[in-house]
Number of protein chains: 2
Amino acid sequence: MQRIKMIISYDGSAFFGYQVQPNQRTVQSEIEGALKNMHKGSDIRIYASGRTDAGVHAVGQVIHFDSPYKIPASKWKIALNSLLPNDIAIGHAQVVTNDFHARFDVKKKEYRYKIETNQDRDVFTRNYLYHFPYTLDYLSIKEAIKYLVGTHDFTSFCSAKTEVEDKVRTIYEIEFFEDKNGELIFRFVGDGFLYNMIRIMVGTLLEVGQGMKKPIEILEILEAKNRQKAGKTVPGTGLYLWKVYYDN
Amino acid sequence: MQRIKMIISYDGSAFFGYQVQPNQRTVQSEIEGALKNMHKGSDIRIYASGRTDAGVHAVGQVIHFDSPYKIPASKWKIALNSLLPNDIAIGHAQVVTNDFHARFDVKKKEYRYKIETNQDRDVFTRNYLYHFPYTLDYLSIKEAIKYLVGTHDFTSFCSAKTEVEDKVRTIYEIEFFEDKNGELIFRFVGDGFLYNMIRIMVGTLLEVGQGMKKPIEILEILEAKNRQKAGKTVPGTGLYLWKVYYDN
């Protein structure tokens, strides 16, 4: 038995999210289907760093699984890529020790959220960016960001549907910048994120950028521990699981 | 009765081409459906600069149609955009004189073909670029391009299926360059292009870039007037109708 770690990317547009769901096309079911095919009908369970929702993309999702095959890592990548649909790709594969776990060993995660503010909608980016055709005050957004960085109870920035008890998380970094294509990027690095947390933080920061909230109000929202106080949840289309960090 | 000219863009991925076909989703049928909706069930026929095939995109396709409504051009754009699916967008609308015709008045057309040569396939560009993971000799491609520019009989670069008699066309410009994202772009400007002509020219230029054909062989291929002598037809996914030129 060999444990394989893989870095995968997927275009979330045509998936009902990452996790297996009955009668839905999901990333997990596609990969497990390809692995079952390679293993002559035996079920191989994969474990990811975490789920992603419908429409959400991944540039650097990490998974692991165990296989009885002693295939070199580079061959795993080629074999699995040839079996997968073209909206999932294996970027890197490596053999790891049996104590590695894609979910439990996560140290940090990086997500990015992409926005474009042009007046006209763009047919080519409709599944990859959030079209938000409004003027934004970048300085206010950058000021508000400072209040989110650090260790806080993020109850106000978490979907009320969540079942997680402990809502304290640490955000190490938030950056807001324009890339070479004129897209606006929010970059978040943290020890973990609650359900819809990035999307609610972005929605709130956009309200700050529009002058609907003052940057300092972020502190009040955090303190309130009430989802109603924060901004709207922005769509999943602009969200990317960018990178997952482990100890080595 | 007012004649309206519109510049439209579409993501060709989910269309069975531009032109109406029975039981297929096409760009023309979507726009005519939206116009019928606006005109209380009356059929409004649209005319385009030309068709595009399945999977082919448009940044600057031009259409015209006649309407009994005296709506200002800017309102046409807003009204139609609100009715269209999000893979078609109206970029510009203007009222024109009744002698304008989107197809018959075309002076020049510009197409672009986009390629990426990275080893790994990219899940996010799979519908928008042609993934061609091979090393290319740019200088050979640039030399070969010179033999294609000008007025020639392009029978060798035209699908054998075509019914057009006159296969003489003039290409004013071909450029080959790398854009800021590292994508390779072929840019073609001509008075008109035959069926699959761009895709066969690109397929042939890629064979030159790989050293399978010498640049000078382009001359022999043109002279042969035989589709078999040219290279493969590359996929429609990398092709964009970029701009249509009229006299004013």
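None of the values given here were measured: they were computed from a predicted structure.

### Overview of the packing of helix α3 (residues 138-148) of chain A against helix α5 (residues 217-224) of chain A
Residues and elements named next belong to chain A.
Thinking step 1. Where α3 meets α5, the closest approach of the two axes is 8 Å, and the angle between their N-to-C directions is 30 degrees. Note that α3 runs across α5; the crossing there is right-handed. From α3, A144, Y147 and L148 reach across to α5, where they touch I218, L219 and L222.
Thinking step 2. Among the residues making up the contact of α3 with α5, the classes are represented as 6 nonpolar, no polar and no charged.

### A few points about the pattern of salt bridges
Residues and elements named next belong to chain A.
Thinking step 1. With the rule as written, the count across this model stands at 29 salt bridges over all chains.
Thinking step 2. A salt bridge links R3 to D66; the nearest nitrogen and oxygen atoms lie 2.7 Å apart. Pair noted here: R3 is in strand β1 (residues 2-10) and D66 is in strand β3 (residues 57-67), with a separation of 63 residues, a long-range link.
Thinking step 3. Via salt bridges that share partners, E110, R112, E173, E175 and R187 belong to a single interconnected network.

### Looking at the nonpolar core
Thinking step 1. Counting 68 residues, the largest nonpolar core has M6, F157, F186 and M201 of chain B as the members making the most contacts within it.
Thinking step 2. No other element matches the 8 residues that helix α4 (residues 197-209) of chain B contributes to this core.
Thinking step 3. Of the domains in this structure, domain 1 (2-96) and domain 2 (108-245) of chain B are the two that each give at least three residues to this core.
Thinking step 4. Ignoring anything within four residues of it in the chain, the contact list for M201 of chain B reads L148, F154, F157, I171, F188 and F193 of chain B.
Thinking step 5. In terms of nonpolar packing, the next biggest core, distinct from the first, is built from 67 residues, M6, I46, L136 and F176 of chain A among them.

### Examining the interface of chain B and chain A
Thinking step 1. Contact residues are listed per partner, giving 24 residues for chain B and 24 residues for chain A.
Thinking step 2. In this assembly, chain B packs against chain A so that about 1,900 Å² is buried in total across both faces, 49% of it on carbon and sulfur atoms.
Thinking step 3. If you sort the residues of chain B by the area they bury against chain A, R121, F124 and R126 of chain B come out on top, with a joint share of 36%.
Thinking step 4. Among the salt bridges present, the one from R126 of chain A reaches D87 of chain B, with a minimum N-O distance of 4.0 Å.
Thinking step 5. Across the chain B-chain A interface, the total number found is 10 residue pairs in polar contact (both at pLDDT 80 or more).

### Some points on the side chain of S156 of chain A
Residue and element names in this part refer to chain A.
Thinking step 1. Mapping S156 onto the fold places it in the loop between β7 (150-153) and β8 (168-178).
Thinking step 2. Note on S156: relative accessible area 0%, which makes it buried.
Thinking step 3. Within the local environment of S156, its side chain forms a polar contact with the backbone nitrogen of K225, the two atoms lying 3.1 Å apart.
Thinking step 4. Polar side-chain contacts of S156 include one of 2.8 Å to the backbone nitrogen of N226.
Thinking step 5. Apart from residues lying up to four places away in sequence, S156 is in contact with I200, I221, L222, A224, K225, N226, R227 and A230.

### Some thoughts on the pairing of β8 of chain A
Residues and elements named next belong to chain A.
Thinking step 1. Across 4 bridges, the pairing between β7 and β8 is antiparallel. Bridged to T151 within β8 is T170.
Thinking step 2. As defined by bridge partners, β8 adjoins strand β9 (residues 184-190) across 7 bridges and the pair is classed as antiparallel. Counted as the bridge partner of E175 is R187 from β9.
Thinking step 3. Where β8 folds back on β9, the antiparallel hairpin that results is connected by 5 residues, among which G182 adopts a positive phi of roughly 80 degrees.

### Points about the UniProt feature "binding site: substrate" (unreviewed entry) in chain A
Residue and element names in this part refer to chain A.
Thinking step 1. The sites that UniProt annotates as "binding site: substrate" (unreviewed entry) are Y111.
Thinking step 2. Positionally, Y111 belongs in strand β5 (residues 108-116).
Thinking step 3. Contacts of Y111, omitting those with residues within four sequence positions, involve R51, F186, R187, F188, F193, I198, L239, Y240, L241 and W242.

### Points about α5 of chain A
All names here are of chain A.
Thinking step 1. Of the positions making up α5, those classed as buried are I218, I221 and L222. End-on, the buried residues of α5 take up no more than an arc of 100 degrees, which puts them together on one face. Away from its buried face by more than 90 degrees, α5 exposes E220 and E223.
Thinking step 2. Buried residues along α5 sit in contact with α3, β7 and α4 (197-209).
Thinking step 3. Two residues or fewer after α5 comes K225, characterised by a positive phi angle close to 50 degrees.

### Some words on the UniProt feature "domain: Pseudouridine synthase I TruA alpha/beta" (unreviewed entry) in chain A
Residue and element names in this part refer to chain A.
Thinking step 1. UniProt records the feature "domain: Pseudouridine synthase I TruA alpha/beta" (unreviewed entry) for residues 7-105 and 144-247 in the present numbering.
Thinking step 2. Structurally, residues 7-105 is divided into 23% helix and 26% strand, and its ends, taken at the C-alpha atoms, are 15 Å apart.
Thinking step 3. Measuring from the first to the last C-alpha atom of residues 144-247 gives 31 Å, for a span that is 25% helix and 28% strand.

What counts and how
- Residues numbered from 1 in each chain as written.
- Chains lettered and ligands numbered in written order.
- Predicted model: local features only at pLDDT ≥ 70, side-chain atom pairs only at ≥ 80, totals over all residues.
- Heavy atoms only, no water.
- Axes fitted to C-alpha atoms, helices over the stretch in contact; angles between N-to-C directions.
- Helix = DSSP H or I, 4+ residues; strand = E, 2+ residues; numbered from the N terminus.
- Left-handed = near helix turned anticlockwise from the far one by under 90°.
- Contact = heavy atoms within 4.5 Å.
- Nonpolar A, V, L, I, M, F, W, Y, C, P; charged D, E, K, R; others polar.
- Salt bridge = Lys/Arg side-chain N within 4 Å of Asp/Glu carboxyl O.
- Core = buried A, V, L, I, M, F, W, Y, C linked by side-chain atoms within 4.5 Å.
- Buried < 20%, exposed > 50% of the residue type's maximum accessible area, 1.4 Å probe, protein only.
- Domains from an automatic or database assignment.
- Buried area = accessible area lost by both parts, 1.4 Å probe.
- Polar contact = N/O pair within 3.5 Å; in protein donor to acceptor, adjacent residues only side chain to side chain.
- Pairing = 2+ DSSP bridges.
- UniProt positions renumbered as here; feature names shortened; annotations may be inferred.
- Arc of directions from axis to C-beta.

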